[in-house]
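Commentary on secondary and tertiary structure
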Amino acid sequence: MIHLILFVLSCLSVAAQSLPTVAVLSTGGTIASKHDPAKGGYVVAFTGEDLLASVPAIRKVAQIQVEQISNIGSNEMTPEIWIRLAGRVNDLLSRPEISGVVITHGTDTLEETAYFLDPTTVSLKPVILVGAQRPASDADADGPRNLLDAVRVAVSPEAVGKGAMVMMSG
């Protein structure tokens, strides 16, 4: 029985190692927000790790490396953050083990960030920006599904060489 358990565990380990690796960079936005009754609205409250924990199916698609770049509403995005983000994207994509990068982002300036990253990314590997229309704390939050879809696109061979892309609503 012990041999069977060890065999199963080793198979699971090999299966996980054969999955591609995607870096998820979190910047905040509605996808990472919750309702705050004291403020009378939504506030950015969840980290990249929190977002990934809400989508266990991602672990079947890719190995994930997550980093928090910022945790702001996208209306607070600045050129300084874009430059730091572009540097980190290029650093990660230069690593052979990284198949692509997914950036969680607020929708107010998501397209501007994609527009900035497209010419400043020096790799053909996929760069996928993803957001949500409904906050993470809402019962019908769309962020988890959007994040899963973004990781699926990031590991897709068809996404190579397409530049920075936005993944929303399937």
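Structure's up top.
Criteria and cut-off values
- Residues numbered from 1 in each chain as written.
- Predicted model: local features only at pLDDT ≥ 70, side-chain atom pairs only at ≥ 80, totals over all residues.
- Heavy atoms only, no water.
- Helix = DSSP H or I, 4+ residues; strand = E, 2+ residues; numbered from the N terminus.
- Contact = heavy atoms within 4.5 Å.
- Areas by Shrake-Rupley, 256 points an atom, 1.4 Å probe, with all protein chains shown as cover.
- Axes fitted to C-alpha atoms, helices over the stretch in contact; angles between N-to-C directions.
- Parallel < 35°, antiparallel > 145°, perpendicular 65-115°, else oblique.
- Left-handed = near helix turned anticlockwise from the far one by under 90°.
- Core = buried A, V, L, I, M, F, W, Y, C linked by side-chain atoms within 4.5 Å.
- Buried < 20%, exposed > 50% of the residue type's maximum accessible area, 1.4 Å probe, protein only.
- Salt bridge = Lys/Arg side-chain N within 4 Å of Asp/Glu carboxyl O.
- Pairing = 2+ DSSP bridges.

Helix and strand content of the protein chain: five helices and seven strands. In the protein chain, the succession of α and β elements from N to C terminus is α-β-β-β-α-β-α-β-α-β-α-β. Expressed as a percentage of contacts within the protein chain between residues at least 6 apart in sequence, the contacts between residues at least 24 apart total 72%. Summed over its atoms, the accessible surface of the protein chain is roughly 8,800 Å², and 60% of this surface lies on carbon and sulfur atoms.

The next point concerns the packing of helix 3 (residues 79-93) against helix 4 (residues 110-120). Contact geometry for helix 3 and helix 4: axes closest at 10 Å, N-to-C directions at 50 degrees. Looking at the two axes, helix 3 sits oblique to helix 4. Like other packed secondary-structure pairs, helix 3 and helix 4 cross with a definite hand, here right-handed. Of the residues in helix 4, those in contact with Trp 82, Ile 83, Leu 85, Ala 86 and Asn 90 of helix 3 are Glu 112, Thr 113, Phe 116, Leu 117 and Thr 120.

Counting residues in each nonpolar core, the largest one holds 22 residues, and the members touching the most others are Val 22, Ile 58, Ile 64, Val 102, Leu 147 and Val 151. Of all the secondary-structure elements, those providing two or more residues to this core are strand 1 (21-28), helix 2 (48-53), strand 4 (63-72), strand 6 (127-130) and helix 5 (143-154). By residue number, the principal contributor to this core is helix 5, which donates five residues. With residues near it in sequence (within four places) discarded, Val 102 still touches Val 22, Ala 23, Val 24, Leu 25, Ile 128, Val 130, Leu 147, Ala 150, Val 151 and Ala 154. In this structure, Ala 23, Leu 25, Val 89 and Val 127 belong to the second largest nonpolar core, which totals 21 residues.

Inspection of the entire model under this criterion finds six salt bridges. Between Asp 91 and Arg 95 there is a salt bridge, with its nearest N and O atoms 3.2 Å apart. Take Asp 91: its relative accessible area is 30%, and that puts it in the partly exposed class. Accessibility expressed as a relative area gives 28% for Arg 95, which makes it partly exposed. For Asp 149, the salt bridge goes to Arg 145, with nearest N and O atoms at 3.4 Å. Taken together, the positions of Asp 149 and Arg 145, both in helix 5 and four residues apart, correspond to about one turn of that helix. Its relative accessible area of 52% is what places Arg 145 among the exposed residues.

Structurally, Val 122 can be placed in the loop between helix 4 and strand 6. For Val 122, a relative accessible area of 71% translates into the label exposed. Distance in space between the C-alpha atoms of Val 122 and Glu 111 is 19 Å, their sequence separation being 11 residues.

The five strands lie next to each other as 4-1-5-6-7, forming an open sheet whose pairing is parallel. Of all strands in the sheet, those with a lone pairing partner are strand 4 and strand 7 (164-167), marking the two edges. Each strand of the sheet is rotated relative to its neighbour by a mean of 20 degrees, with strand direction disregarded. Pairing geometry for strand 6 and strand 7, over four bridges, is parallel. Paired with Val 130 across the strands is Met 167, a residue of strand 7. Taken strand by strand, helix 3 contacts strand 1, strand 4, strand 5 (98-104) and strand 6, and its axis lies near 170 degrees from that of strand 4. Sheet strands in contact with helix 5 are strand 1, strand 4, strand 5, strand 6 and strand 7, and its direction is about 150 degrees off that of strand 5.

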